[in-house]
Structures are given as C-alpha cells and as structure tokens.
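Spelled out from the first residue to the last, the chains are:
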Amino acid sequence: MIASGRASQSLAAALAADLDEALVETNRTRFPDGEVRVDLDIEAGSNSDPDIVSAGEKGRALLVAATTSPDAFVEVLQLQDALREAGVGEITTILPYMGYARQDRAFEPGQPVSARAMARAIGIGTDRVLLVNPHEGSVADFFDVPCRVLDAAPRLAEPLPDLSEPVFFAPDAGAIGLAEGVREAYGVGTTDYFEKTRRSGEEIEISPHETDVKGRDVVLVDDIVATGGTMAGTVALLRQRDAARVYGTCIHPVLANGAYTRLVNAGVEAIYGTDTVERPASAVSVAPTISKELWSPK
Ligand code: R5P
C-alpha cells in the first residue's frame, strides 16, 4: 500500500497505478496552537479495501512525501509512526524532494548540518529511503538506514519540442551531469556550463562562457529552481548573446516567491519540471523512475 504526504498526492497516485498498489487515505487536523496531526483514515473509502486491510500481513508500505515545508517533515514522521501502529512491518520512505538538503555542511562556524538532522529523524521510522536527485548525492550517507539516490534527469527530455542545434547548459559545474543526462535522453546537442557565484540567498553572479549560442536553442538544466535567481540570470545572459529559444528545466520546480513570473519576464520560452514538487510546471512524472527502482531485483 502507498501513503502520501499532502505535497505528493499526485505522484503517489501515479505510483499506485504503476505498481498496482492500494492508496491509503489520510486526514489532517490543525490544532489551535498550530500543531498538525495526520491520521491514516482506516474507515475511509478504499482504506477498507482488502488489499489495504491485508497490507499489514504483507508487511510492506511505501510512504511518498516531498518535504517542502516544516509541516511536511512532521507529517512524514507521523505517517511513519501511524503505519507502524497499523501493523506494517516494512516501510520504504520515498522523499521525491528532500527539503533542507542544500544545507549539507556547516558553511560557517555555528551552523547546523540541516540535511543530517532531517535524515537522522526520518531514518528512525523507516527501513529504507529513496531520494530523487538531492542537491548532493552524499546526503544519502546521513541516513542510518539504506538510502538510494535516483536520477530523474532523463525524464526532462520528454516535454522538450524539436530543437535547433541545441546546447544543454548547466548553471554551474555541479549540475553538468544533469545537463548531460538530459542531452543524452534527448539524443542530440552539446553540453556546457556557466560559472556561478552566489552573493546572497537571491543574488547570484553568472560569469560568461565561451560557447557561441547565437541562433541556437538552449535548454537550461538545474536540480532545483527555488527563487529563480540562478535561472533568470542565465536566461538574461543567453538573450544578450542572441540565443534562439531558451527553455528552463529542473528536477524540483520549487518556484518560490513568484519565481515563475520572474523567469517568464526574463524571457524563458517554457519551464519544465518533474512532480517531485507538485507545481504547474510539473510537466513530467518521476513515477516510472521510482517504480523501476522498486521492481528491480536487489
Ligand atoms: C544550486 O547550486 C542549485 O543547483 C540551484 O542552482 C539553486 O539552488 C537554485 O536556486 P535559485 O532558484 O534560488 O537561484
């Protein structure tokens, strides 16, 4: 059976269809002091389905939950606990998007390693974890249970139209592997990356690069679009250099604080992300990537 956090209901439904598993319904209560509680709705609709009733006997559940907010983190911990209470023996926690993962080390004295703190808490209530393209794959080592990292980059080639002499650009050297993954899945084109320096949370400086983009279609590939500052900066630079069309793609379309509008105003043709974060730009599902991992023999 599959239970989901509120931010991952559509992905959970796609996975349930792919894997032929029952979907568990849940109920949320918000208390006057701001606390939240999420319950498995044992009585509701399909929860009385024999598949779900027998799930405890089968002993296996998948929990799919993007931790896009502090409440979403709390829900993961509570749902893990509720599944155990319901008699489930083996829980696989799937974090299609792991929030706080970018703070994967203490950059200044006194800072926490937030990714490690979250991983430790989540690891306690589960038997294994699957992550989709965390900012750094090494965050998998923070979990005290087996954790696998899945790569959904090839899925981003699917919504792209026919492109003319495409170049797949990563905004920095760290994302070049993703750009290469999309290019390979697309079938033609070249890859390159910009040099990026982050000045603050929203301010970044993008250094020019040598590739002549004049008249060529460009696909920007990043793991995450948060404020949109990084991608908007590269779009502007590419426009100055007379690139033809510029498409923005990312695994996690967080698109915080009006980022979508910022990118449209910067001149992006379209923005394609996956459903690791469910947004209007979630043009493609990572369900097949996750299903493949769950089906493949260990
Ligand atoms: C950083 O290294 C990541 O790959 C992204 O480029 C970054 O997190 C995007 O953030 P924003 O959209 O706020 O510029």
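Read on for an overview of the structure. Worth saying up front: this structure is predicted, and the values here are computed from it rather than measured.

The rules we used
- Residues numbered from 1 in each chain as written.
- Predicted model: local features only at pLDDT ≥ 70, side-chain atom pairs only at ≥ 80, totals over all residues.
- Heavy atoms only, no water.
- Helix = DSSP H or I, 4+ residues; strand = E, 2+ residues; numbered from the N terminus.
- Buried < 20%, exposed > 50% of the residue type's maximum accessible area, 1.4 Å probe, protein only.
- Contact = heavy atoms within 4.5 Å.
- Near = heavy atom within 4 Å.
- Polar contact = N/O pair within 3.5 Å; in protein donor to acceptor, adjacent residues only side chain to side chain.
- Areas by Shrake-Rupley, 256 points an atom, 1.4 Å probe, with all protein chains shown as cover.
- 1 Å grid on protein atoms, 1.4 Å probe; cavity = no way out; pocket = protein on both sides within 12 Å on 5 of 7 lines; lining within 4 Å.
- Sits in = over half its atoms within 2 Å of the grid points.
- Nonpolar A, V, L, I, M, F, W, Y, C, P; charged D, E, K, R; others polar.
- Axes fitted to C-alpha atoms, helices over the stretch in contact; angles between N-to-C directions.
- Parallel < 35°, antiparallel > 145°, perpendicular 65-115°, else oblique.

Within the secondary structure, E165 sits in the loop between strand 7 (147-150) and strand 8 (167-170). A residue is classified by how much of its surface remains accessible, and E165, at 56% relative accessible area, is exposed. Each C-alpha atom of the pair E165 and N133 lies 27 Å from the other, and the pair is 32 residues apart in sequence. Apart from the residues within four sequence positions on either side, E165 is in contact with R216 and D217.

Near the ligand lie 14 residues; those nearest to it are R102, D222, D223, T227 and T230. Here an oxygen atom of the ligand sits 2.6 Å away from a polar atom, N or O, in the side chain of T227. Taking 380 Å² as the accessible area of the ligand by itself, protein coverage stands at 92%. More than half of the atoms of the ligand fall within 2 Å of the grid points belonging to the largest pocket. Sort the elements by how many residues they give to the shell around the ligand and strand 12 (residues 218-224) lands first, with three residues. Looking at the shell around the ligand residue by residue, the class counts come to three nonpolar, five polar and six charged.

Looking now at the packing of helix 7 (residues 229-240) against helix 8 (residues 259-266). Across the interface, helix 7 lies against helix 8 with an axial gap of 9 Å and an inter-helix angle of 5 degrees. With respect to helix 8, the axis of helix 7 lies roughly parallel. Taken together, the residues of helix 8 that come into contact with helix 7 (itself represented by G229, M231, A232, V235 and R239) are R262, L263 and A266. Within the contact of helix 7 with helix 8, the residues separate by chemical class into five nonpolar, one polar and two charged.

The backbone phi angle of N133 is positive, close to 35 degrees, even though this residue is not glycine. With respect to the helices and strands, N133 occurs in the loop between strand 6 (128-132) and strand 7. The class for N133 is buried, based on a relative accessible area of 9%. A positive phi angle is found at E165, which is not glycine, with a value near 40 degrees.

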